Amino acid sequence: MKTLAKLPVTIVTGFLGSGKTTLLRHMLDNAEGRRIAVIVNEFGELGIDGDILKQCTIGCTEEEAVGRVYELANGCLCCTVQEEFFPVMQELVARRGDLDHILIETSGLALPKPLVQAFQWPEIRNACTVDAVITVVDSPAVLAGTFAAFPDQVDAQRKLDPNLDHESPLHELFADQLASADLVVLNKADMLDADALAAVRAEVAEELPPAVKIVEANRGQLPISVLLGLGAESELHIDGRKTHHDHHEGDDHDDHDHDAFDSISITLPQADESLLLDALTQAVVQHGILRVKGFAAIPGKPMRLLVQGVGTRFDKHFDRAWKPDEARETHLVLIGQELDAGVLEAQLRAALSGIKG
């Protein structure tokens, strides 16, 4: 019987803005009849990524789509794994006769290794196996010498001090996500020429175990056969993957919490699109914001604007109509280091004060 087989789980990780959610949407759109459950782990108070994925209903009703996306909203999976992840997995294991696959999207700041190790627990090990850890890479950002904002500054710092092999918490997180990978996707490959892409591939390969395959993609568009059914059984060998955040005997678990990063939520009034993006760009530069994501309300527009930014690079599109019972407000999550929510909200509100909602 199918219920006796282990349920395959694919963990999709990757740094801020690499395109994890886009890859997951592509996988769901091309599921080829597979019954897939999705666990979204969002770093921040707003479940932005979960909301994006819920728009991808594959012909389901909205109620069915909501029931299929399990959203963990309280920080990185490695920190909340015992509190939230286990009950969700218990529920999915109980329904595994109705499922063909589980997809887990980790936060851009999450460490995949502790999550994979959770599949060694007897309650999960007997029912599930990690089919693969897929790490999605923002190819242009790697080429620039960083993995989010301020490539020129970071690269200059690295050149000044050759001893800085891992010049920031960002680089360590990036390296650790690669160290746990069974498959690496060089995303946004269409934004680079052949020589640049080859340079990115070589840099990424230095962080990888030799057997890990590297593939290139544009907007996460790869055949489903490349992404699912890898049979890596990652939980069996993850302990041998060395990372910068490995815990040693007697270490306090809190030592690895991502206290170098803040994730804050801000609500703003409606605003002109260009004015909002200019204000966000200025805030990114002034405060070292790494990641911006959320939904904006634009006066006179019946649809909400999905905004996603990595450093000063912003992507945006209108994703769906506002619901009748929704307040037409802008909701954003900002991720960075030593962010002050009050200061940032006041600055953004002041910049938008000329526009009335």
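Look a little higher up for the structure.
Anyway, here's the lowdown on the structure attached to this text. (Residues numbered from 1 in each chain as written. Predicted model: local features only at pLDDT ≥ 70, side-chain atom pairs only at ≥ 80, totals over all residues. Heavy atoms only, no water.)

Describing the packing of helix H12 (residues 273-287) against helix H13 (residues 341-352)
Quick reminder of the rule: Axis lines are fitted to C-alpha atoms, over the contacting stretch for helices. Their N-to-C directions set the angle, which ranges from 0 to 180 degrees. Segments assigned H or I by DSSP are reported as helices when at least four residues long, segments assigned E as strands when at least two residues long, and all are numbered from the N terminus. Helix crossings fall into two classes, left-handed where the near helix is turned counterclockwise from the far one by less than a right angle and right-handed where it is turned clockwise. The contact criterion used is simple: two residues touch if any of their non-hydrogen atoms lie within 4.5 Å. Each residue is assigned to one of three groups, with Ala, Val, Leu, Ile, Met, Phe, Trp, Tyr, Cys and Pro labelled nonpolar, Asp, Glu, Lys and Arg labelled charged, and all others, Gly among them, labelled polar.
Here H12 crosses H13 at 145°, and the two axes come no closer than 9 Å. Between H12 and H13 lies a crossing of right-handed hand. Along the contact surface, H12 presents Leu275, Leu276, Ala279, Leu280, Gln282, Ala283, Gln286 and His287, while H13 presents Val343, Leu344, Gln347, Leu348, Ala351 and Leu352. In terms of residue class, the contact of H12 with H13 is made up of ten nonpolar, four polar and no charged.

Overview of the packing of aromatic side chains
For the record, the criterion: When two rings of Phe, Tyr or Trp (its six-membered ring) have centres within 6.5 Å they constitute a pair, described as stacked for plane angles under 30 degrees, edge-to-face for angles over 60, and tilted for the intermediate range. For every residue, the accessible area (1.4 Å probe, protein chains only) is compared with the maximum for its type, and the residue is labelled buried under 20%, exposed over 50%, or partly exposed between those bounds. Both a distance and an angle decide whether a charge sits over a ring: NZ of Lys or CZ of Arg must be within 6 Å of the ring centre and within 35 degrees of the ring normal.
According to the stated counting rule, one finds two aromatic pairs in the structure shown. Geometrically, the ring pair formed by Phe86 and Trp121 is edge-to-face, given 6.0 Å between the ring centres and 70° between the ring planes. Of the two residues, Phe86 is situated in helix H4 (residues 77-94) and Trp121 in the loop between helix H5 (112-118) and helix H6 (122-125); the sequence distance between them amounts to 35 residues. Judged by relative accessible area, which is 25%, Trp121 ranks as partly exposed. When the ring centre of Phe295 is taken as origin, the NZ or CZ atom of Arg304, which lies over that ring, is 3.6 Å away.

Thoughts on the layout of surface pockets
Spelled out, the test is: In this analysis, the protein atoms alone were mapped onto a 1 Å grid. Cavities are point sets where a 1.4 Å probe fits without being able to get out; pockets are open sets with protein on both sides within 12 Å along at least five of seven lines; lining residues have an atom within 4 Å of a point. Grid points are joined across faces, edges and corners, and a volume is the space filled by probe spheres set on the points. Domain borders in the structure are assigned automatically or taken from a domain database.
For the largest pocket, the calculated volume is near 680 Å³. Lining of the largest pocket is provided by 28 residues; of these, Gly19, Thr22, Arg219, Gln308 and Asp315 occupy positions nearest its centre. Broken down by secondary-structure element, the contributors of at least two residues to the lining of the largest pocket are helix H1 (20-29), helix H2 (48-54), strand S9 (289-296), strand S10 (303-310) and strand S11 (313-321). Split by residue class, the lining of the largest pocket holds four nonpolar, eleven polar and 13 charged. A domain split of the lining of the largest pocket shows at least three residues from each of domain 1 (7-240) and domain 2 (261-353).

Details of the side chain of Ser18
Note the cut-off: Polar contacts here mean pairs of N or O atoms no more than 3.5 Å apart (in protein, one a potential hydrogen donor and the other a potential acceptor; neighbouring residues in sequence count only if both atoms are side-chain atoms).
Along the polypeptide, Ser18 turns up in the loop between strand S1 (7-14) and H1. For Ser18, a relative accessible area of 1% puts it in the buried group. A distance of 3.3 Å separates a polar atom in the side chain of Ser18 from the backbone oxygen of Val136. Residues in contact with Ser18, not counting those within four places in the same chain, are Val136, Val137, Asp138, Asn187 and Lys188.

Focus: the pairing of strand S5 (residues 128-138)
Stated formally: Strands are labelled as partners when DSSP assigns at least two bridges between them.
Here S5 lies mainly inside the structure; eleven of its eleven residues are buried. Two elements, S1 and S5, share eight bridges in a ladder whose sense is parallel. The residue bridging Pro8 from the neighbouring strand is Thr129, located in S5.

Focus on the nonpolar core
Nonpolar side chains in soluble globular proteins generally cluster together in the buried interior. Test applied: The set of buried Ala, Val, Leu, Ile, Met, Phe, Trp, Tyr and Cys residues whose side-chain atoms join them within 4.5 Å is what this entry labels a nonpolar core.
Membership of the largest hydrophobic core comes to 24 residues, with the highest contact counts inside it found for Ile11, Phe85, Met89, Ile102, Ile104, Phe119 and Cys128. Of all the elements in the fold, those that place two or more residues in this core are S1, strand S2 (36-41), H4, strand S4 (101-105), H5 and S5. Ignoring anything within four residues of it in the chain, the contact list for Ile11 reads Ile104, Thr106, Leu115, Val116, Phe119, Val130, Ala132, Val133 and Ile134. Counting 23 residues, the second largest nonpolar core, distinct from the first, contains Leu276, Ala279, Leu280 and Ile289.

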